[in-house]
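# Working through the structure, step by step
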Number of protein chains: 2
Amino acid sequence: MGAPRPIEKLTLSVQVAERLRGDILAGTHGPGEQLHEVELALSLGISRGPLREAMQRLVQEGLLKSIPHRGVFVVDLSEDDMLDVFFVRASLEEAAIRRLVGGDDGGGGDRAATARRLTVISERMDRAMRGGDHARGGDLDLEYHRTLVDAAGSLRLSRTYATVQAETRLCLHRLMGGYRSRDDLAVEHFRLAELIGSAPVEVILPELHRHFGDPAAILRRLRQDAPDAAPDAEQRQDR
Amino acid sequence: MGAPRPIEKLTLSVQVAERLRGDILAGTHGPGEQLHEVELALSLGISRGPLREAMQRLVQEGLLKSIPHRGVFVVDLSEDDMLDVFFVRASLEEAAIRRLVGGDDGGGGDRAATARRLTVISERMDRAMRGGDHARGGDLDLEYHRTLVDAAGSLRLSRTYATVQAETRLCLHRLMGGYRSRDDLAVEHFRLAELIGSAPVEVILPELHRHFGDPAAILRRLRQDAPDAAPDAEQRQDR
DNA sequence: GATTGTAAGATTGTCAACAATCAGTCTCAC
DNA sequence: GTGAGACTGATTGTTGACAATCTTACAATC
């Protein structure tokens, strides 16, 4: 029977930020849409002060854009933005893997445990996909990658990754209305988990990058497919 | 005569955040110190609202820590925190170099121009150090590394690096009262700039890590030296 | 003496009102 | 017809007051 955990107290502004983050990521507020303080405060039943504080948080997370005296808007990520998000995401995951696999044992250095966790998530993801629950599968996919980064045991790396992952979800909203997958995506998750458990970094990283695909090529293909929103089977879709 | 640059309008909260950031980084407010809203707002001649917004910004940057209903405090970085900061800093610089050198040409891919800029900064840093202006030298050292990361042309990487660099400065405050250097630090800066210009990534990265030194070893030595604040000549001190 | 309950003071969190800014529209002079 | 200036309404930015929370000190009880 360990020590009781302190109750985590949240200010209203933190709670509102969480709510807004969820709404934005769910697409309730679309790209470029302005969040009107007065209207939003009214509908949330709070005053504008905490709402402003909440929105400021999301501005710093990259989900909202604030223009002084004009208002706060949901970001509208350009293709360059998306490429940047994908680049930083890959860099952070790569750094995590180097740390985890590099033998630094900086706190999350247990490769076998990480591999097991990733495998369990892969199984649940596979099951969700087979059952047609693509939204659930998408969430598990994000959890897979977050687990990988968290395994490096770096608070700041994980924190940064969290904000980039939020932006990644915005990218994916932009890329398409929902999550579609190919069968070998699941195979790749299992494979990557296995490699994390025991392979050298020189083997893991190429596999990670293959898993991500080439962001520029993805965007190019989507541009060509623009009239028809249904992606063809060749496309990589992952987060 | 190009187009006139739009005047950048800053809200009071942004300006206050900048002022506070500077004060914290200058050591005006020490580790663990509480920033009292009423008192600080009075001395800055503003109301608490914008001050709260400003402090929230710095909380998200990692310079302040907010405890609900207790107050906002300057962070007191533990040794583990410092190790984490150094790890993430190195990872970001490494990602920047891989991008810059990897031939992606993602926007900042001009190696020669970057090398020239870094060399110019190295010369100014060397001159400042020889002239005894260690604070100026320290600033230029930070600018050197920021220039390196900015050369990767990734907005999010640069933004993340900026926050980590602010924390790095707090670490250095913690490590000692001021900046001391060894002569071969300047040599390393020149060398690294040269490598950035033309060497393969496998040559540059080990040099970068040698330049940083081993953070854990630095902290260990400082622990041993604790009664005497004067570091010995063997120590690496850089940012 | 140890523990619990209560009150006071200090500080933070939120609210509503006023101030400031901007974009769009209208009017007037040339 | 055009451009400049004034006006208006919408919205954000800031302020000062009140509400809420926490810590400390003191009193009461066992």
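Please refer to the structure higher up on the page.
In every chain, residue numbers begin from 1 and rise along the written sequence. Chains and ligands are labelled sequentially in the order written, the chains with letters from A and the ligands with numbers from 1. Residue-level local features of this predicted model are given only where pLDDT is at least 70; pairs of side-chain atoms are given and counted only at 80 or more, and the full residue set underlies all totals for whole chains, interfaces and linings. Hydrogens and water molecules were not included; the side-chain quantities draw on all heavy atoms of the structure.

### What about the relation of the copies chain B and chain A?
Threshold: The least-squares superposition of copies is restricted to C-alpha atoms, and to residues with a pLDDT of at least 70 in both copies. We call two residues in contact when some of their heavy atoms are within 4.5 Å.
With an RMSD of 0.0 Å, the operation that places chain B on chain A is a rotation of 180° combined with a shift of 0.0 Å along the axis. As the rotation angle and translation indicate, the two copies are arranged about a two-fold axis. Residue E53 of chain B of chain B places its C-alpha closer to the rotation axis than any other residue of that unit, at 3.1 Å. Interface residue correspondence from chain B to chain A reaches 100%, placing this contact among same-surface, isologous pairings.

### Here we look at the interface of chain B and chain A
Frequently, the measure chosen for interface size is the accessible area removed from exposure when the parts meet. Worth spelling out the cut-off: In this description, buried area is defined as the sum, over both parts, of the accessible area (probe of 1.4 Å) that is lost when the two are combined. Any Lys or Arg side-chain nitrogen found within 4 Å of a carboxyl oxygen on Asp or Glu counts as a salt bridge. Throughout this description, a polar contact denotes any pair of N or O atoms lying within 3.5 Å of each other; where both atoms belong to protein, one of them has to be capable of donating a hydrogen while the other can accept it, and for residues adjacent in sequence the pair is counted only when both atoms sit in side chains. Strands are runs of DSSP state E lasting at least 2 residues, helices are runs of H or I lasting at least 4, and numbering of each runs from the N terminus. Note that Gly is not counted as nonpolar here; it falls among the polar residues with everything else outside the nonpolar set of Ala, Val, Leu, Ile, Met, Phe, Trp, Tyr, Cys and Pro and the charged set of Asp, Glu, Lys and Arg.
With 28 residues of chain B at the contact, the number on the chain A side is 28 residues. Interface area, chain B with chain A, both sides summed: about 2,600 Å², of which 50% is carbon and sulfur. In terms of surface lost to chain A, no three residues of chain B exceed Q60, F87 and R156 of chain B, which account for 25% of the buried area on that side. Here chain B is connected to chain A by ten salt bridges. At the junction of chain B and chain A, the tally comes to 16 residue pairs in polar contact (both at pLDDT 80 or more). The set of elements that each furnish at least two residues to the side of chain B that touches chain A consists of helix 3 (48-61), helix 4 (79-101) and helix 7 (155-175) of chain B. If you tally residues by element for the side of chain B that touches chain A, the top one is helix 4 of chain B, at eleven residues. Its residues assigned to classes, the side of chain B that touches chain A comprises nine nonpolar, six polar and 13 charged.

### Observations regarding the packing of aromatic side chains
Put simply, the rule is: Two aromatic rings from Phe, Tyr or Trp, using only the six-membered ring of Trp, form a pair when their centres are within 6.5 Å; if the ring planes differ by under 30 degrees the pair is stacked, by over 60 it is edge-to-face, and anything between is tilted. Only Lys NZ and Arg CZ are tested; either one counts as a charge over a ring when it is within 6 Å of the ring centre and within 35 degrees of the ring normal.
Per the counting criterion, the structure on display carries zero aromatic pairs over all chains. Geometry around F87 of chain B places R99 of chain A over its ring, the cationic atom sitting 4.0 Å from the centre.

### So, the nonpolar core
Inside soluble globular proteins, nonpolar side chains tend to come together where they are buried. Filter applied, for reference: Working definition of a nonpolar core: buried Ala, Val, Leu, Ile, Met, Phe, Trp, Tyr and Cys residues. They are joined through side-chain atoms within 4.5 Å. Throughout this description, buried means an accessible area under 20% of the type-specific maximum (1.4 Å probe, protein chains only), exposed means over 50%, and partly exposed covers the range between.
By size, the foremost hydrophobic cluster in this structure holds 76 residues, and its most contacted members are L51, L64 and L157 of chain A together with L51, L64 and L157 of chain B. In this view, L51 of chain A contacts V16, L20, E37, L40, A41, L44 and I46 of chain A; residues no more than four positions away in its chain are not counted.

### A closer look at the protein's contact with DNA strand D
To keep things clear, this is the line we draw: The nearness test applies per residue and asks whether one of its heavy atoms lies within 4 Å of the molecule or strand.
Within the structure, DNA strand D sits among 22 residues, and K9, R48 and R52 of chain A together with L12 and S47 of chain B are positioned closest to it. A breakdown of the atoms of DNA strand D within 4 Å of the protein gives sugar and phosphate a share of 75%. Here Q34 of chain A contributes a side-chain N or O atom positioned 3.4 Å from a phosphate oxygen of DNA strand D. Residue assignment for the surface near DNA strand D shows that the elements contributing at least two residues are strand 1 (34-35), helix 2 (37-44) and helix 3 (48-61) of chain A together with helix 1 (12-25) and helix 3 of chain B. With three residues, helix 3 of chain B is the single largest residue contributor to the surface near DNA strand D.

### A look at the pairing of strand 2 (residues 64-67) of chain B
Residue and element names in this part refer to chain B. Worth spelling out the cut-off: Note on pairing: two strands pair once DSSP finds at least 2 bridges between them.
By the bridge criterion, four bridges tie strand 2 to strand 3 (residues 71-74) in an arrangement that is antiparallel. The residue of strand 3 that forms the bridge with S66 is V72. Joining the antiparallel neighbours strand 2 and strand 3 is a turn of three residues, in which H69 adopts a positive phi near 65°.

### Topic: the sheet that holds strand 2 of chain B
All names here are of chain B. What counts here: Axis definition: a line fitted to C-alpha atoms, over the contacting stretch in the case of helices. Angles run 0 to 180 degrees between N-to-C directions.
Overall, antiparallel pairing links the three strands, which are arranged 1-3-2 in an open sheet. Looking along the sheet, the strands with just one partner apiece sit at the ends: strand 1 (34-35) and strand 2. Here helix 3 sits on the sheet and contacts strand 1, strand 2 and strand 3; the angle it forms with strand 2, its principal contact strand, is near 110°.

### Remarks on the protein's contact with DNA strand C
Within the structure, DNA strand C sits among 21 residues, and L12 and S47 of chain A together with K9, R48 and R52 of chain B are positioned closest to it. Each atom of DNA strand C within 4 Å of the protein was classed as base or backbone; sugar and phosphate made up 75%. The contact in question runs from a phosphate oxygen of DNA strand C to an N or O atom on the backbone of L12 of chain A, over 2.7 Å. The contact in question runs from a phosphate oxygen of DNA strand C to an N or O atom on the backbone of H69 of chain B, over 3.1 Å. At the level of secondary structure, the elements contributing two or more residues to the surface near DNA strand C comprise helix 1 (12-25) and helix 3 of chain A together with strand 1, helix 2 (37-44) and helix 3 of chain B. Split into classes, the residues belonging to the surface near DNA strand C amount to six nonpolar, eight polar and seven charged.

### What to know about the packing of helix 6 (residues 134-150) of chain A against helix 7 (residues 155-175) of chain A
Residues and elements named next belong to chain A. To keep it simple, the criterion reads: Each angle gets one of four labels, with under 35 degrees taken as roughly parallel, over 145 as roughly antiparallel, 65 to 115 as roughly perpendicular, and the rest as oblique. Helix crossings get a hand from a simple test, with the near helix turned counterclockwise from the far one by less than a right angle marking a left-handed crossing and a clockwise turn marking a right-handed one.
Relative to each other, helix 6 and helix 7 sit at 160°, their axes nearing to 10 Å. Viewed along their axes, helix 6 and helix 7 adopt a mutual orientation that is roughly antiparallel. Seen from above, helix 6 lies across helix 7 with right-handed handedness. Across the interface between the two elements, D139, L142, H145, R146, V149 and D150 from helix 6 touch L157, S158, Y161, Q165 and R169 from helix 7. Split into classes, the residues belonging to the contact of helix 6 with helix 7 amount to four nonpolar, three polar and four charged.

### Describing the sheet that holds strand 2 (residues 64-67) of chain A
In sheet architecture, strand pairing relies on hydrogen bonds along the backbone and comes in two forms, parallel and antiparallel. All names here are of chain A. Read across the open sheet, the three strands follow the order 1-3-2; overall the sheet is antiparallel. Edge positions in the open sheet fall to strand 1 and strand 2, since each of these has one partner strand only. Pairing analysis gives two bridges linking strand 1 to strand 3 (residues 71-74), with the strands arranged antiparallel. Across the sheet, Q34 pairs through a bridge with F73, a residue of strand 3. Where helix 3 meets the sheet, its contacts fall on strand 1, strand 2 and strand 3, and the angle it forms with strand 2 comes to roughly 110°.

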